[in-house]
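# Report on the structure
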Amino acid sequence: MTETVLLVGGGGREHAIARSLAGDCDLYACASNRNPGIRRLAEGTAVIDETAVEEIVDYATEVEATLAVIGPESALEAGVADALDDAGVYAFGPREAEARIETDKAYQRRFMRDNDVPGCPAFETFEDMEAACDYIDSFDGDLAVKPAGLTGGKGVRVIGDQVTPEEAKAYLRDADYDRVVLEERLVGEEFTVQAFVADGDVRVTPAVQDHKRAYEGDEGPNTGGMGSYSDASLDLPFMAEGDYAAAVEIIQAVVDALPEYKGVLYGQFMLTVDGPKVVEFNARFGDPEAMNTLPVLRTPFIDVLTAARDGESLPDLNFEKQATVCKYAVPEGYPTDPVAGARIEVDEESVGNALLFYASVDERDDGIYTTTSRSFAVVGLGNTITKAEGIADGALAAAGEGLRVRHDIGKRELLRERIDHMNELRTS
Ligand code: AMP
Ligand code: GLY
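The sections below set out a description of the structure shown in this document. (Residues numbered from 1 in each chain as written. Chains lettered and ligands numbered in written order. Predicted model: local features only at pLDDT ≥ 70, side-chain atom pairs only at ≥ 80, totals over all residues. Heavy atoms only, no water.)

### Quick notes on the sheet that holds strand E2 (residues 26-31)
Strand order in the open sheet formed by five strands is E3-E2-E1-E4-E5, with parallel pairing between adjacent strands. The strands lining the two open edges of the sheet, one partner per strand, are strand E3 (44-47) and strand E5 (90-92). Within this sheet the neighbouring strands show an average axis-to-axis angle of 20°, counted without direction. Of the strand pairs in this sheet, E2 and E3 are connected by four bridges, and their pairing is parallel. Of the residues in E3, the one forming a bridge with Cys30 is Ala46. Relative to the sheet, helix H1 (residues 12-21) contacts strand E1 (4-8), E2 and strand E4 (67-70), its axis offset from that of E1 by approximately 170°. (Pairing = 2+ DSSP bridges. Helix = DSSP H or I, 4+ residues; strand = E, 2+ residues; numbered from the N terminus. Axes fitted to C-alpha atoms, helices over the stretch in contact; angles between N-to-C directions. Contact = heavy atoms within 4.5 Å.)

Set out below in C-alpha cells:
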C-alpha cells in the first residue's frame, strides 16, 4: 500500500524531510509559508499555521493521510501530535506531554534529576526574577540563564561567554519571563545526536555540530543555527573514543524514563573534560541538523515511520559514509532585525553538486520572499568534511542580494580550532 504522509512545517528541515519521503509515498504538506522546495515534491500543500490544530487535522482528513511527520516544536507544543493521533493519523512526533522535554526547560532539568539521567548540570529554577538575580550574585562560577519556554534558540544568555553578570541581571529584569532556569555554565565543544524513537526503541544517527552564532568566528547573537557539519563516521573530529557512546546512553536513559515517546529525540550536548553533558533536548529534528542527517540516511525514512506506527521494531539504520556540510543563507539583519518581505533571487543553477533546501521563504506569483527567519541552505557531501565544505561553499553563489552567510562553517581552520580547544581542555 502506498502511504499518504502529511508533513507539518515549511522550513529547511521540512524540505529535507520531504526530499527523503517524496519518492516513497504520496506527500502532502502544510505550513504558514509556501516553501518552493516542498511544493515541488508534494502532491498538495496548504497554507495553515503550524499551531492551528483543528485545521491541520481537517487537512489530514481531507487528504486521507495515513501518517504524519511533525517538523517544528511549536506544533508539538500546541498538541498537533495528540490531535492527529486521536483522529487516527499516527503522528511521528511526541504528544504534548512528552514534548515538554523540549518546551519546558525547567521540567526538562527536573526530569533529568528525578530519573537519574546522566549529564545534568547543577541548576535552579526561578519565578521571581529578583531571586534569580540574587542567585547570580551568590553563585561561585558562571551561569547560563535560560527562559523556561520556547525562544527559537535565541533566549539563552551565558555569563562569561556572551554577557557579564550585570548584563544577565538586566536581561532578567527587562525580558519579563515567567520562569527561568539558571544552571552551571558548561565549557567544551557542542554536538548533537538525533535518534528515531518509538515503543522504547532508539536508533541513532551521526553526530552533528551546529553553529549558533550569527557571524563568522562564532561572534554575534545566537540564531536558530547558521550551518552544521557531520563526518563520514558517527562522531566528530574533536570527539574521543567513548564520547559518542556516552551521548547515546543519555538518550537511551531519557527514552527509558519516557516509554511513550515517539518521533525524533534530539540531544544537544556539551563535550566537557568530564564527557558529554546535556545542554538541552529537542523533541524533533534539528534545523539545520536534519539537512546533514537525512541526505546520508540510506534506510528509507518511510520504513521508520511505518514500523513506528505499526508497533514493529524500528529498522536498523544504514548511512552513506559521507561527510556533510550545511550552510544557511539568511536575510540581512537576522536574527535581531531581519529584513522580511524582501524579494530574493536564488540561482539554482549555481548550486552545482550541492543539495539546495528552501527554508522560511514564501513563494508568491512573482517570486520568492524572505520572512523573519532563515531563507535557504546548501549541503555538500564528500569523503571528508573539507571536501563537503568546498562543495557547500561553492553553492553559496546561489545567494543573491539581501542574504548573508557564514563561509567559515566546516572550514579546515575552524575544525582545527575545535580540536585544539578540546585538547587544551583535556590537558589543562
Ligand atoms: P538552548 O536553547 O538550551 O539550546 O541554548 C542555546 C545555546 O546556549 C546552546 O547551544 C549553548 O551554546 C548555550 N548554552 C545553553 N546552556 C548552556 C550551559 N549550561 N552552558 C554553556 N552554554 C549553554
Ligand atoms: N539547530 C538547533 C535546533 O534545531 O534547535
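### A word on helix H13 (residues 385-395)
Among all positions in H13, only Ile385, Ala388, Glu389, Ala392, Asp393 and Ala395 are buried. For H13, the buried positions fall inside an angular range of 155° around the axis, keeping them on one side. (Buried < 20%, exposed > 50% of the residue type's maximum accessible area, 1.4 Å probe, protein only. Arc of directions from axis to C-beta.)

### Comments concerning the pattern of salt bridges
Counted according to the given criterion, the structure contains 37 salt bridges. Where Glu389 meets Lys411, a salt bridge forms, and the shortest distance between an N and an O atom there is 2.8 Å. With Glu389 in helix H13 and Lys411 in the loop between strand E24 (403-405) and helix H14 (412-427), this pair connects stretches of sequence that are 22 residues apart. Exposure remark for Glu389: the relative accessible area of 7% places this residue in the buried category. Each member of the salt-bridge network shares a partner with another, and the members are Asp82, Asp85, Asp86, Arg95 and Lys262. (Salt bridge = Lys/Arg side-chain N within 4 Å of Asp/Glu carboxyl O.)

### Digging into the packing of aromatic side chains
Throughout the structure, instances matching the rule amount to ten aromatic pairs. Ring plane angle 50° and centroid distance 5.3 Å describe the contact between Phe126 and Tyr135, whose orientation is recorded as tilted. A residue is classified by how much of its surface remains accessible, and Phe126, at 13% relative accessible area, is buried. Judged by relative accessible area, which is 19%, Tyr135 ranks as buried. Look at Phe191 and Phe269: their rings are 5.3 Å apart centre to centre, the planes differ by 25°, and that puts the pair in the stacked class. (Phe/Tyr/Trp six-rings, centres within 6.5 Å; stacked < 30°, edge-to-face > 60°.)

### Some remarks on the packing of helix H8 (residues 129-138) against helix H9 (residues 165-175)
Running from N to C, H8 and H9 point in directions that differ by 170°, and their axes come no closer than 9 Å. In terms of axis orientation, H8 runs roughly antiparallel to H9. Residues Met129, Glu130, Ala132, Cys133, Ile136 and Asp137 of H8 lie in contact with H9, whose contacting residues are Pro165, Ala168, Lys169, Leu172 and Arg173. Counted by class, the contact of H8 with H9 contains seven nonpolar, no polar and four charged residues. (Parallel < 35°, antiparallel > 145°, perpendicular 65-115°, else oblique. Nonpolar A, V, L, I, M, F, W, Y, C, P; charged D, E, K, R; others polar.)

### Looking at the site of ligand 1
Close to ligand 1 lie 15 residues; Glu183, Leu186, Glu190, Lys212 and Glu280 are nearest. One of the side-chain nitrogen or oxygen atoms of Lys146 is found 3.1 Å away from a nitrogen atom of ligand 1. For ligand 1, an oxygen atom lies 2.4 Å from a polar atom in the side chain of Glu190. Taken by itself ligand 1 offers 470 Å² of open surface, and the protein chains cover 94% of this. Of all the secondary structure elements, the ones that give two or more residues to the shell around ligand 1 are strand E7 (143-147), strand E9 (180-184) and strand E17 (275-282). (Near = heavy atom within 4 Å. Polar contact = N/O pair within 3.5 Å; in protein donor to acceptor, adjacent residues only side chain to side chain. Areas by Shrake-Rupley, 256 points an atom, 1.4 Å probe, with all protein chains shown as cover.)

### What about the side chain of Asn222?
On the secondary structure map, Asn222 appears in strand E14 (residues 219-222). Residue Asn222 is classed as buried on the basis of its relative accessible area of 16%. A polar contact of 3.4 Å, which involves the side chain of Asn222, links it to the side chain of Arg213.

### Points about the site of ligand 2
In the vicinity of ligand 2, the residues found are Asp210, Lys212, Gly224, Tyr266, Asn282, Arg284, Gly286, Asp287, Pro288 and Glu289. For ligand 2, an oxygen atom lies 2.9 Å from a polar atom in the backbone of Asp287. For ligand 2, whose free accessible area comes to 200 Å², the fraction covered by protein is 90%. Split into classes, the residues belonging to the shell around ligand 2 amount to two nonpolar, three polar and five charged.

### Things to note about the sheet that holds E7
Here four strands make up an open sheet; going across it, the order is E6-E9-E7-E8 and the pairing antiparallel. Whereas interior strands pair on both sides, the edge strands pair on one side only; in this sheet they are strand E6 (123-126) and strand E8 (157-158). Bridge count for E6 against E9 is four bridges, and the pairing is antiparallel. When the sheet's bridge partners are listed, Phe126 is paired in E9 with Val180. On top of the sheet, H9 reaches E7, E8 and E9; it is set at about 15° to E7, its chief contact.

### A word on unusual backbone geometry
Of note, the bond from Asp287 into Pro288 is cis; its omega dihedral lies within 30 degrees of zero at 25°. Structurally, the position occupied by Pro288 is in the loop between E17 and helix H11 (289-293). A cis amide bond links Tyr334 with the next residue in sequence, Pro335, at an omega value of 5°. Among the secondary structure elements, Pro335 is positioned in the loop between strand E18 (323-331) and strand E19 (343-344). A positive phi angle, near 50°, is found at Asp199, a position not held by glycine. Residue placement: Asp199 occurs in the loop between strand E10 (189-198) and strand E11 (201-204). Residue classification places Asp199 among the exposed positions, given a relative accessible area of 56%. Within the chain, Asp218 stands out as a residue other than glycine whose phi angle is a positive 60°. Considering the arrangement of structural elements, one finds Asp218 in the loop between strand E13 (213-215) and E14.

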